[in-house]
Each structure stands twice: as C-alpha cells, then as structure tokens.
Amino acid sequence: MGMNVWWTVMVVIGAVNWVAALFLFCRSFRWAKESPEYGGYITILRVCGLVFASVAAYRSVFVSSYPSRLAWFDTVLNSPMIIRSLATFAEMSFIGLIAVVLIRLNKEMGLTKKGVLALSPYVAVLFIFAGQFFAFGGLFWQSNLLFAIEEGLWGAAFLVIAPLVVVGLGKVRKAEGVHKSVKAFFIVMAVWCAGYLAFQWGYAMPFIYIADIAKDAGRVIPTDVLRTALYDIVVTRDFDVWGGIGFFIWHSGYFSVCVWMSLFFMSAPRPRGKSVAR
C-alpha cells in the first residue's frame with residue numbers, strides 16, 4: 001500500500017513538473033526573439049530543462065533500477081535498456097543546464113580568472129559524459145564495478161564545480177545590484193553541492209556502490225547482453241528488494257527536487273543590467 005502511495009505521488013509530481021517545463025519551453029521562443037542577446041542562452045536552457053523534466057516524468061511512471069534490473073511494470077516500456085538510454089539524455093541535460101549557466105555568469109561577471117576554476121564546468125560535463133559509457137557497460141555486463149566508477153564520476157563532477165560555486169556565492173553576496181536570479185542560482189547550487197556530495201561520498205559510494213563490488217565475483221555474463229538488457233526484468237514492489245530507504249531518497253529527489261532545480265535553471269539566471277522579457 002505504501003509503495004503504491006509513493007508511486008502515485010511521484011507520478012502526479014512528475015506530470016505537474018512536465019507541464020510547467022513545457023509551458024516555459026513554449027514561451028522561450030518569444031523571449032528569445034525579444035532578447036536576441038540572450039536568445040541562444042535561453043533556448044539551450046529551455047531545451048535541456050524540457051528534456052530532463054520529460055525523462056523524469058517517464059521514469060516516475062516506469063520506475064526502474066537498471067543495476068539490478070528491477071521494474072515497476074511487466075512491459076518493455078519498463079526495460080532497463082530503455083530507461084538507461086533515456087537517462088543519458090536526462091543526465092547530460094541536467095549537467096548541461098548547470099554548466100551553461102556557470103559559464104555564462106563567469107563570462108559576464110568575471111567570477112574567476114583562474115584557468116582551473118573557469119574550466120571546471122567543462123570538466124564536469126566531460127565527467128558525466130564519460131560516466132555514460134560505464135553506466136551502459138554496467139547494465140550490459142551487470143558489473144557493480146562499472147556502476148561504482150560511473151557514480152564516482154558523478155561525485156567528481158560536482159566536486160570539481162563546487163569551488164566555482166563557492167567563489168560565485170561569495171561575490172554575489174557582497175555585490176550590490178546583482179539580479180536576484182543570480183543570487184538564487186548560487187544559493188541553490190551551494191546547497192545542492194553540499195547535500196549531494198555528502199550523500200554521494202558519505203553514504204552511497206562506500207555503503208552501496210563500493211560495497212556491492214564483491215558481488216561481481218563468480219557472476220556469469222550472458223552472451224546475448226543486448227537482449228537481456230532489453231527484456232530481462234524483475235517486476236516487484238517490495239520495499240526491501242528495491243533497496244530500502246536509500247533507493248527511495250534518491251528516486252524521490254530525482255523526480256522532484258532535481259526537476260524543480262531544472263525548472264529554475266530554465267529561467268535563465270542573468271547578471272545586473274541585463275534583462276529577459278517575462
């Protein structure tokens with residue numbers, strides 16, 4: 001009963017979030033036309049935001065855990081391969097939203113002139129992109145080691161951009177006349193980096209991903225990895241089988257908080273003296 005209530009709440013939240021993202025996306029064409037200086041910036045953020053919200057809404061319906069091939073429904077639409085493929089677009093869109101805003105704000109506000117900090121958004125995108133290959137490898141060969149590397153790259157990506165976020169937060173807090181959207185962006189990112197890195201490195205990596213590597217020993221790898229990744233699923237709604245509280249914290253955050261962040265990023269945070277038609 002509790003599992004079905006959780007699923008229903010997540011589906012409703014996912015649907016509302018998707019409608020909000022679609023609304024923002026549809027308005028972006030007029031905004032881009034009225035603010036040509038920000039046209040490309042707005043368009044990229046709106047496309048990435050809509051992609052992320054769409055995948056999150058889909059995954060809230062067809063809940064899946066592709067490392068263990070658990071599925072909410074007995075249908076190919078809940079296939080680990082399909083979910084993993086959609087996740088690639090969502091994950092690149094999510095880090096893309098953050099990187100594009102950081103790069104734009106650094107360019108216009110001069111947050112830092114140091115090469116390492118200035119390049120950190122690009123490095124973060126590269127880490128998440130590299131993580132996709134390990135995620136697919138983990139899915140095909142059911143390798144906990146590959147999944148651990150993927151998650152390690154996620155942790156590294158936000159560890160890399162955290163110093164730039166801290167620098168930006170310090171500058172906008174002291175500056176006068178900075179647009180409230182910029183201040184809000186750095187506050188959101190500071191909270192996100194602190195919370196995510198604490199969860200990832202303090203709990204998920206040591207107690208889930210690294211701990212599961214030992215399970216790889218003696219595992220038989222099927223020869224038809226593509227077929228099994230597409231069709232072999234374990235349908236269950238058992239709380240413990242899904243991984244208990246850790247799994248539901250992660251998925252609840254993915255379907256709600258992460259999408260709310262992307263909706264905010266779609267507002268195109270911009271510095272003082274610049275305006276985007278509303």
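Residues numbered from 1 in each chain as written. Predicted model: local features only at pLDDT ≥ 70, side-chain atom pairs only at ≥ 80, totals over all residues. Heavy atoms only, no water.

### Description of unusual backbone geometry
Glycine aside, residues mostly have negative phi angles, and peptide bonds mostly take the trans form. Of note in this structure, Q142 is not a glycine but carries a positive phi near 50 degrees. Accessibility expressed as a relative area gives 16% for Q142, which makes it buried. Although it is not a glycine, A268 sits at a positive phi angle of roughly 60 degrees. Within the fold, A268 resides in the segment after α9 (257-265). (Buried < 20%, exposed > 50% of the residue type's maximum accessible area, 1.4 Å probe, protein only. Helix = DSSP H or I, 4+ residues; strand = E, 2+ residues; numbered from the N terminus.)

### Considerations on the packing of helix α3 (residues 80-109) against helix α6 (residues 180-212)
One can describe the packing of α3 onto α6 by two numbers: an axis separation of 12 Å at closest approach and a directional angle of 130 degrees. Put simply, α3 runs oblique to α6. Like other packed secondary-structure pairs, α3 and α6 cross with a definite hand, here left-handed. Each of F94, I98, V101, L102, L105 and M109 in α3 lies in contact with α6, whose residues at this interface are V182, F185, F186, M189 and W192. (Axes fitted to C-alpha atoms, helices over the stretch in contact; angles between N-to-C directions. Parallel < 35°, antiparallel > 145°, perpendicular 65-115°, else oblique. Left-handed = near helix turned anticlockwise from the far one by under 90°. Contact = heavy atoms within 4.5 Å.)

### With respect to a nonpolar patch on the surface
Together, Y203, F207, F239, I245 and I249 line one region of the surface with nonpolar side chains, adding up to about 520 Å² of accessible area. For the nonpolar patch, the elements supplying multiple residues, two or more each, are α6 and α8 (245-255). (Patch = residues over 30% accessible without salt bridge, like charges linked within 9 Å, V, L, I, M, F, W, Y side chains within 5 Å. Areas by Shrake-Rupley, 256 points an atom, 1.4 Å probe, with all protein chains shown as cover. Salt bridge = Lys/Arg side-chain N within 4 Å of Asp/Glu carboxyl O.)

### Observations concerning the pattern of salt bridges
Summed over the entire model, instances satisfying the criterion amount to 5 salt bridges. Between R104 and E108 there is a salt bridge; the shortest N-O distance is 2.5 Å. Taken together, the residues span about one helical turn, with R104 and E108 both in helix α3 at a distance of 4 residues. When its relative accessible area of 18% is taken as the criterion, R104 is described as buried. Since its relative accessible area comes to 27%, E108 is described here as partly exposed. A salt bridge links K215 to D212; its shortest N-O distance comes to 3.3 Å. Overall, the relative accessible area of 51% leaves K215 in the exposed class. Salt bridges here are not isolated pairs; linked through shared partners, they connect R84, E91 and E150.

### Remarks on the confidence of the model for the protein
Summing up the model confidence of the protein, the mean pLDDT is 88 and the portion of residues at 70 or higher is 91%. This model gives residues 273-278 a pLDDT under 50, and the stretch forms 18 contacts once residues within four places in sequence are excluded. (pLDDT = per-residue confidence, 0-100.)

### What to know about the side chain of N144
In this fold, N144 is placed in helix α5 (residues 144-174). Residue classification places N144 among the buried positions, given a relative accessible area of 14%. Sequence-distant contacts of N144, that is, excluding residues within four places in its chain, are made with Y209, D212, I213, K215, D216 and R219.

### Quick word on the packing of aromatic side chains
One pass over the structure, following the stated rule, counts 28 aromatic pairs. Arranged with centres 6.5 Å apart and planes meeting at 45 degrees, the rings of W6 and F255 form a pair that is tilted. Here F255 lies in helix α8 and W6 lies in helix α1 (residues 2-34), a separation of 249 residues in the sequence. Residue W6 shares its accessibility class with F255, and that shared class is buried. Aromatic pair F239 and F248: ring centres 5.4 Å apart, planes at 5 degrees, arrangement stacked. Since its relative accessible area comes to 6%, F248 is described here as buried. If you follow R84 out to its NZ or CZ, it ends over the ring of F136, 5.4 Å from the centre. Of note, R104 hangs over the ring of Y41, and the distance from its end group to the ring centre comes to 5.1 Å. (Phe/Tyr/Trp six-rings, centres within 6.5 Å; stacked < 30°, edge-to-face > 60°. Lys NZ or Arg CZ within 6 Å of the ring centre and 35° of its normal.)

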